[in-house]
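Summary of structural features
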Amino acid sequence: MEALELKFALTQGQFLSLMGAALAVLLAGIGSAIGVGIAGQAAAGVVTEDPSKFGQTLLLQALPGTQGIYGLLTGFVIMQKIGIIGGNIAEISTVNGLLIFAAAMPIAFVGLMSAIYQGKASAAGMGIVAKRPEELAKGITYAAMVETYAVLALLASILMIFGINI
Amino acid sequence: MAIVDVKKMSVIALRRDRSKLVETFQKLGKVEIIDIRDRTSQEDWEKLFETQESARVLTEIQGKLGEVQFALDFMARYAPAKKSLFAEKPAYGEAAMEDLSRSEELWAVVKECRELETRLNGLRSEEMRLLSTVDLLKPWESLDVPVQELKSTEKVAIFTGSLPVGVVESVKVLLRDKAPESALEVISTDRELACVLLVYRKSLEQEVSEILKENSWSKIDLPQVEGTPAGVIEQAAEKQKEFERIRQEIADRAVELSAQRPDLEVVYDYYNLMSGRMGVERTAGNTRETFYMEGWVAKPDIEKVKKTLLKRIPEAYITFNDPDDEDDAPVVLKNPAFVEPFEMITDLYSPPGRKDFDPNTLVSIFYFIFFGMMISDAGYGIVLTLLGLWALKTLKPKGMLKKLMGLITLGGISTVFWGAMFGGWFGDLFNARPLWMNPLEDPMSLLVFSFALGIIQIFVGLGAAAYKNIKSGNVLDAVFDQGLWAVLLVGLIMFAFPTLGGVAKVLAIAGAVGLILTQGRSKPNILGKLSSGILSLYDVTGYLSDVLSYSRILALGLATGVIAMVVNTMAKMLGFNIIGYVLMAVALVVGHVFNIAINALGAYVHSSRLQYVEFFGKFYEGGGRTFNPFVVKTKYTNLMSEEEF
């Protein structure tokens, strides 16, 4: 009985790693949900006037959605690293757990904030679609400027996770 | 590099040939019309030319176009067009189109659509009126007196009105005390107000009105209807059913009428063509027998334009001149087939100015590489290439769409290459071995490689800036502003290689000193020169962030790979029995399609950004105006030409 409990007990390291993965998915996902929501509200306004702009507005709306994907991706890399996807979770020391947790932070927080602000930039870009649809690319570029920081955070997170030896 | 000269064409011809000339221009599609009215004052114009009759014709055509458009929209509301996006448009000759535009049957259809719409509008306003009556009568539903009978008589006053719920009882008491010959009946109450019927003897007017005033009575005028409120409401419901029936009738008729849609679409295109032509004819300056027109023509097309025109209208007189500096001449680009799709990227930023140089060749090379690396999955590359080729072949797109499809095709090819290099074939689905390296195992090397690509592009950008300076005769600017920076940057980069440390130091210091001495050269005094020189070194951080920005190439490449891996892992979890295998296949297809879509968008956006911010920032200004020739524009049909153009 005691042995069985031990087998299923979660070590602190494992918990911290999972927490990191969870936060990456959580925060970046929340950010994207808010960002896509903001952009979607603006998009609906434009489409009320001219339903043929659905495609263009959808493109702009999709932009703040990438942070959530980056978060999921980071979470996945962590899950793969600690072996939870295969079902055999590896022994992880507390130190390594903390390291993985720290590594998840850049994409978690930058993902959260940048998605929201990118959503606002996208929403403003909807105005371009409404008045000068041929200049859509400029609206996309403004939104993409914000995404840069999410990309950098993703890179930092992934490089850190790759760099941790467990 | 590849900016083609444009010439200004001036045409003088006989007035009777005017429509024919404009038609020729439209079908040739190689002339951008200049509206000479823009640079002629009203006064001069009236002195030089006769007044136009074409304005009236244009309004007439646009009116007809509007009517046809309305009929098409009306039909679309009831019978949405079920046209496949990929169906080829039917081809019509101009004569056939013209015949259809005169068809009385079609115009009857258009007229009927208008009538149906008028009926619908009438119906709608009547319904609104009815609904508001019902709304007003609703609280009085339990009143079993016909509304028209609720009128004061000679001696008795009858009123409907409302009182706050709380005071009803006390008002009743007050009335009983002070005005015994009165009655107050509550018909209905809601949360705040009670609707009441008040009857009293007119001689008690004063007492009653005093009580009412103190208790916030407000009089309600019932709508002028016949019958009891309940009866009227019931009738309204009947009427509404009737309206619904009429509406259905109209909808059915609209569906019947929409059988004529294909022909109406042809008529629409015909008037669209005509309105384009009339718009151009209006720009002509007319004299009694002749007219004068101008347009831009790209130099390589001049011979063709001239030959076609003179063949059709031998009495025309045409000259071609170089544009003046104050002319707003458009920019025509001529690039090889590989570069052409990438013009789209530059055009979306800003097309090159007439005297600028065309960056598209450079853009095409870098964009091609970056796009592929950002997706970096050979399987996805194959999908994109096939998609692009298929669209080019079946849709036969023109203009921007054609360039976009070309971009997808070329980007797909690059993606196949990089995917094979990095071993991504639909992620890790086939466990293919990378030809070069696996970015997931050794991301640092790829990061350095991305930076290296960035450094190359930045140096190319500096080179382009230097080239522009030298071409415009500012050799010293090229040496100081680009040359010295290049020296400093090369020095800094060499620090990364320990064996070159000595040379690196010399180069970096030489570059830095050179910049301090030269960057403030436009400042008036020595102090200003020195301080702006020193401050300019701060731009090093700009170059650093430029280079770091290229790390997105690695990041997006990794993202594609990892998401593909997620899709594969999840899908494989499903595959444990027959149904599972089917689900697995579905999950794989859906997952990978999603991944391709999101990453192709990402690759497009971020490759563009690297061109716009990091590359164009070094040298490119743009500000040109794209050549916008007068062409045949049809929405539903293809125009067949009887003659070769």
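Sequence order as written defines the numbering, with residues in each chain counted from 1. Think of it this way: whatever chain is written first is A, whatever ligand is written first is 1, and the rest follow in order. Totals for whole chains, interfaces and linings use every residue, but because this is a predicted model, local features are given only for residues with pLDDT of at least 70 and side-chain atom pairs only at 80 or more, for both listing and counting.

Residue and element names in this part refer to chain B. At least two bridges found by DSSP between two strands is the condition for calling them paired. Runs of H or I in DSSP of at least four residues are treated as helices and runs of E of at least two as strands, each being numbered from the N terminus. In space, the 4 strands of this open sheet follow the order β6-β7-β5-β8, with antiparallel pairing throughout. Looking at strand neighbours, the two that pair on one side only are β6 (182-189) and β8 (218-219), the edges of this open sheet. In this sheet, β8 lies alongside strand β5 (residues 156-164) in antiparallel orientation, the contact comprising 2 bridges. Bridge pairing in β8 links S162 to S218. Throughout, a pair of residues is in contact if the C-beta atoms placed from their backbones lie within 7 Å. Here, axes are lines fitted to C-alpha atoms. For helices the fit covers the stretch in contact, and angles between N-to-C directions go from 0 to 180 degrees. Here helix α6 (residues 168-178) sits on the sheet and contacts β5, β6 and β7 (193-201); the angle it forms with β6, its principal contact strand, is near 170 degrees.

Let's shift gears to the confidence of the model for chain B. Per-residue confidence from the predictor is reported as pLDDT, a score between 0 and 100. With 98% of its residues at a pLDDT of 70 or more, chain B has an overall mean of 89. Complex prediction metrics read pTM 0.78 and ipTM 0.75.

Where helix α6 (residues 136-163) of chain A meets helix α21 (residues 578-619) of chain B, the closest approach of the two axes is 10 Å, and the angle between their N-to-C directions is 90 degrees. As judged from the angle between their axes, α6(A) and α21(B) are roughly perpendicular. Counted together, I140(A), T141(A) and A144(A) of α6(A) and V605(B), H606(B), S608(B), R609(B) and Y612(B) of α21(B) form the full contact between these two elements. In the scheme used here, Gly and all other residues not listed as nonpolar or charged are polar, with Ala, Val, Leu, Ile, Met, Phe, Trp, Tyr, Cys and Pro taken as nonpolar and Asp, Glu, Lys and Arg as charged. Among the residues forming the contact of α6(A) with α21(B), the class breakdown is 4 nonpolar, 3 polar and 1 charged. In what follows, roughly perpendicular refers to angles from 65 to 115 degrees, roughly parallel to angles under 35, roughly antiparallel to angles over 145, and oblique to any angle outside these ranges.

Take the residue count of a helix, subtract one, and multiply by 1.5 Å to get its expected span. With 21 residues, helix α9 (residues 261-281) of chain B should reach 30 Å at 1.5 Å per residue; the first-to-last C-alpha distance of 30 Å fits that figure. Most of α9(B) sits out of view: 16 of its 21 residues are buried. Any residue with 12 or fewer other C-beta atoms within 10 Å of its own C-beta is exposed, any with 20 or more is buried, and the rest are partly exposed; the C-beta atoms used are placed from the backbone.

This paragraph deals with unusual backbone geometry. Only a minority of non-glycine residues have a phi that is not negative, and only a minority of peptide bonds are not trans. All names here are of chain B. Here the phi dihedral of S216 falls at roughly 45 degrees; this positive angle occurs in a residue that is not glycine. Even without a glycine there, the phi angle at S376 is positive, about 50 degrees. Inspection of the secondary structure puts S376 in the loop between α12 (360-375) and α13 (378-394). Residue S376 is classed as buried on the basis of its 33 C-beta neighbours within 10 Å.

All names here are of chain B. Relative to strand β10 (residues 290-298), strand β2 (residues 6-14) is paired through 9 bridges, and the arrangement is antiparallel. Among the inter-strand pairings, V11 is bridged to a residue of β10, identified as M293. As paired elements, strand β9 (residues 285-286) and β10 share 2 bridges and run antiparallel to each other. Across the sheet, residue G285 finds its bridge partner in β10, namely Y292. Counting the residues in the hairpin turn of β9 and β10 gives 3 residues.

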